[in-house]
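Residues per chain are reported as follows:
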Amino acid sequence: MAILYALTTEKSAAMIERDNKMVFIVEANATKTIVAQEVLKTWGEKVSQVRTINGANGKKKAIVKFVRKGAAADVAAKLKLI
């Protein structure tokens, strides 16, 4: 699995509600395409955009924007984040 876990910070929680986006910590070799496919396979939600950031601490973040409104909140609820 390329997705390791969902990031749970105040900023990421605000992104879920405001922007329909979620932040995941992913494996260092994960590509945007792999992350999008895994989100679709795991939670059944289509992704419109994936942005990746390599952190200074060696962790890679993927910011995933969903196509359907409210999809980020639904996925977060499934993960028991909100």
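The structure displayed is predicted, hence computed values, not measured ones.

A. Examining the nonpolar core more closely. By size, the foremost hydrophobic cluster in this structure holds 19 residues, and its most contacted members are Met-22, Phe-24, Val-35, Val-39 and Phe-66. Every element with two or more residues in this core is listed here: strand 1 (3-6), strand 2 (21-26), helix 2 (32-43), strand 4 (60-66) and helix 3 (71-78). Looking at this core, the element that brings in the most residues is helix 3, giving four residues. Those residues in contact with Met-22 that lie beyond four places of it in its chain are Ala-6, Ile-16, Ala-62, Ile-63, Val-64, Phe-66, Ala-72, Val-75, Ala-76, Leu-79 and Leu-81.

B. Looking closely at the sheet that holds strand 4. Within the open sheet, the four strands sit side by side as 1-2-4-3. Their pairing is antiparallel. The sheet is open, and its two edges are formed by strand 1 and strand 3 (47-54), each paired on a single side. If you compare each strand with its neighbour and ignore which way they point, the axes differ by 30° on average. Strand direction decides the pairing type here: strand 3 and strand 4, joined by seven bridges, are antiparallel. Residue pairing in the sheet places Thr-52 in a bridge with Ala-62 of strand 4. Against the sheet, helix 2 engages strand 1, strand 2, strand 3 and strand 4, with an angle of about 125° to strand 3. Of the strands in this sheet, strand 2 and strand 4 are in contact with helix 3, which crosses strand 2 at around 50°.

C. Representation of a nonpolar patch on the surface. A cluster of nonpolar side chains, namely Leu-79, Leu-81 and Ile-82, defines an oily patch on the protein surface of about 230 Å² accessible area. Inspection of the secondary structure puts Leu-79 in the segment after helix 3. Relative accessible area serves as the criterion here: at 32%, Leu-79 is assigned to the partly exposed category.

What counts as what
Residues numbered from 1 in each chain as written. Predicted model: local features only at pLDDT ≥ 70, side-chain atom pairs only at ≥ 80, totals over all residues. Heavy atoms only, no water. Core = buried A, V, L, I, M, F, W, Y, C linked by side-chain atoms within 4.5 Å. Buried < 20%, exposed > 50% of the residue type's maximum accessible area, 1.4 Å probe, protein only. Helix = DSSP H or I, 4+ residues; strand = E, 2+ residues; numbered from the N terminus. Contact = heavy atoms within 4.5 Å. Pairing = 2+ DSSP bridges. Axes fitted to C-alpha atoms, helices over the stretch in contact; angles between N-to-C directions. Patch = residues over 30% accessible without salt bridge, like charges linked within 9 Å, V, L, I, M, F, W, Y side chains within 5 Å. Areas by Shrake-Rupley, 256 points an atom, 1.4 Å probe, with all protein chains shown as cover. Salt bridge = Lys/Arg side-chain N within 4 Å of Asp/Glu carboxyl O.

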